[in-house]
Amino acid sequence: MTFKHKVGLIFGKFYPLHCGHIYLIEKAMNQVDVLHIFLGCEASRDKQLFNQSRLPKQPQISDRFSWLKETFKDRHNIHIHVLDEAGIEFYPNGWQDWSDRVKQILAEHKIKPNVVFTSEPKDVNNHKIYFDCPVVIVDANREFVNISATQIRQNPYKNWNFIAQAAKPFFVKKVAIIGQGRFCDLPLQFANIYNTQYVPNGYINYIEREISIQHNKRYLSESDYMKIAMLHVERIAKAVETSNKLVFTSIDFETLAQYYSQIFKKNNDVLRALKESCHFDLVIHEKDLNPQSSQLEYFETVSKKIEALLI
């Protein structure tokens, strides 16, 4: 098959990568042999975008790069480049300096573009001027994919279905609902309600599997706690990959560290580190709620707290 254009360019911040970006890239791939994607980044601008957003945490350059790499991992003719825009006047100004920075990368990799693809009609003339090649506009009116990165940044959970699959784990919020008796049913119930993943309580599972069958062993050892913690880390990480906005469990690492400290009268560096690195977005303890509440009242109280996470 002969393509009209051989080498194409696409520019974007991909903050975050979404279905509109993917449509632009895939449609461009039907018109070229090779496509080069330029991921633009500038620290102060990117921070400002985050501060003006309702994202739960700020995507880093490495995150945005990995979303593109994962999405197009099987496409040998798609190449991704990081475009450092530091020191360049912010868009819509700075075209000369910006294009010079792009051309440095093109020269380093011996890339000679034939076409630029964009969804922004206002950029067409400048692309033509600075890259001296035709520009193809794709879905400028967002008729095929009616979304923008700005809309997602303003409400990622309302626009969840538009976020690239590779990017979704970054935005999943972790919820631990901790208690006894029927209160233990709540995390599983809410996982069902939100059509998402529930991570079993590794602490209870371990006790049931390893301890109850050993009648002469009445307590967990220090190494047991490390095994429980690592098991929970592994389970949560795996669950996040396929979760729908939220992932639920019935224990967090701070609680596990408290259990450890109460038994062994000391802190543990590993558990302390896990409290920081495996952050939970919401932790609800039964002991912090009204003890006179009915099961339905518990359910409704917890439900409101979870809904607040997704606003």
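All residue numbers here refer to positions counted from 1 along the written sequence of the relevant chain. Totals for whole chains, interfaces and linings use every residue, but because this is a predicted model, local features are given only for residues with pLDDT of at least 70 and side-chain atom pairs only at 80 or more, for both listing and counting. By convention in this description, side-chain values take in all heavy atoms of the structure and omit both hydrogens and water.

Participant: How would you explain the overall build of the protein if you had to name every residue and give the values?
Facilitator: Strands here mean DSSP runs of E at least two residues long; helices mean DSSP runs of H or I at least four residues long; both are numbered from the N terminus. Helices and strands together make up the secondary structure of the protein, namely 13 helices and nine strands. Exposed residues in this analysis have more than 50% of their type's maximum accessible area, buried residues have under 20%, and partly exposed residues fall in between, with area computed by a 1.4 Å probe over protein chains only. Buried residues in the protein amount to 47% of all 311 residues. Sequence separation of 24 or more characterises 73% of the internal contacts of the protein that already satisfy a separation of 6 or more. A total of about 16,900 Å² of accessible surface is found on the protein, and carbon and sulfur atoms cover 49% of it. Only four residue types enter the tally: Lys and Arg on the positive side, Asp and Glu on the negative side; His and the chain ends are excluded. Charge positions are represented by NZ for Lys, CZ for Arg, CG for Asp and CD for Glu. In the protein, 39 positive and 35 negative side-chain charges are present, and the distance between their average locations comes to 1 Å. When checking whether two residues touch, look at their non-hydrogen atoms; a contact exists if any pair is within 4.5 Å. Surface accessibility in these figures is a Shrake-Rupley result with a 1.4 Å probe; residues are shielded only by whichever protein chains are displayed.

Participant: I'd like a rundown of the sheet that holds strand β5 (residues 135-137), residues and numbers included.
Facilitator: A pair of strands counts as paired when DSSP detects no fewer than two bridges linking them. Read across the open sheet, the five strands follow the order β3-β2-β1-β4-β5; overall the sheet is parallel. The open sheet is flanked by β3 (78-84) and β5, the only strands paired with a single partner. Geometrically, the sheet is characterised by an average inter-axis angle of 25 degrees between neighbouring strands, direction not taken into account. Sheet topology note: the strand β4 (residues 115-118)/β5 ladder contains three bridges and is parallel. When the bridges of β5 are listed, T118 appears paired with I137. Every axis in this analysis is a line fitted to C-alpha atoms, fitted for helices over the stretch in contact. Angles between the N-to-C directions lie between 0 and 180 degrees.

Participant: Requested: an account of the layout of surface pockets, with residues and values cited.
Facilitator: Using only the protein atoms, space was sampled on a 1 Å grid; points where a 1.4 Å probe fits but cannot get out form cavities, open sets with protein on both sides within 12 Å along at least five of seven lines form pockets, and lining residues are those with an atom within 4 Å of a point. Grid points are joined across faces, edges and corners, and a volume is the space filled by probe spheres set on the points. By volume, the largest pocket amounts to about 990 Å³. If you go around the largest pocket, you meet 40 residues; those closest to its centre are F11, G12, K13, E120 and D123. With four residues, helix α1 (residues 19-29) is the single largest residue contributor to the lining of the largest pocket.

Participant: Break down the sheet that holds strand β7 (residues 197-199) for me, with residues and values.
Facilitator: Pairing is parallel in the open sheet, where four strands are placed in the order β7-β8-β6-β9. Of all the strands in the sheet, the pair left with one neighbour each is β7 and β9 (282-285). Sheet twist, expressed as the mean angle between neighbouring strand axes with direction ignored, is 20 degrees. Direction of pairing for β7 relative to strand β8 (residues 246-249): parallel, over a ladder of three bridges. The residue bridging Q197 from the neighbouring strand is V247, located in β8. Sitting on the sheet, helix α10 (residues 222-240) is in contact with β6 (173-178), β7 and β8, with an inclination near 180 degrees to β7. Here helix α13 (residues 295-309) sits on the sheet and contacts β6, β8 and β9; the angle it forms with β9, its principal contact strand, is near 170 degrees.

Participant: Residues and numbers for helix α5 (residues 124-131), please.
Facilitator: Taken residue by residue, α5 has V124, H127, Y130 and F131 as its buried positions. For α5, the angular spread of buried residues about the axis comes to 145 degrees, placing them on one side. Of the exposed residues in α5, those oriented more than 90 degrees away from the buried face are N125 and I129. Next to the buried residues of α5 lie β1 (7-12), α4 (95-108), β4 and β5. Looking one or two residues beyond α5, the residue adopting positive phi is D132, at roughly 50 degrees. Taking the helix axis as origin, the arc is that swept by the directions to the C-beta atoms.

Participant: Could you give an account of the packing of aromatic side chains, naming the residues involved and the relevant values?
Facilitator: Pairing of aromatic side chains requires ring centres within 6.5 Å, counting the rings of Phe and Tyr and the six-membered ring of Trp. Pairs whose planes differ by under 30 degrees are stacked, by over 60 edge-to-face, and all others tilted. Scanning all chains against the criterion turns up 20 aromatic pairs. When the ring of W95 is compared with that of W98, the centres are 5.4 Å apart and the planes differ by 75 degrees; the resulting orientation is edge-to-face. In this pair, W95 and W98 both sit in helix α4, three residues apart, roughly one turn of the helix. Owing to a relative accessible area of 12%, W98 belongs among the buried residues under this scheme. Between F190 and F299, the aromatic rings sit 4.9 Å apart at their centres with planes inclined by 15 degrees, giving stacked as the arrangement. A residue pair is termed long-range when its members are at least 10 positions apart, and F190 in helix α8 (residues 186-193) and F299 in helix α13 qualify at 109 residues. Through a chain of ring-to-ring contacts, three or more aromatic side chains come together here, namely F11, F38, Y91, W95, W98, Y130 and F131.

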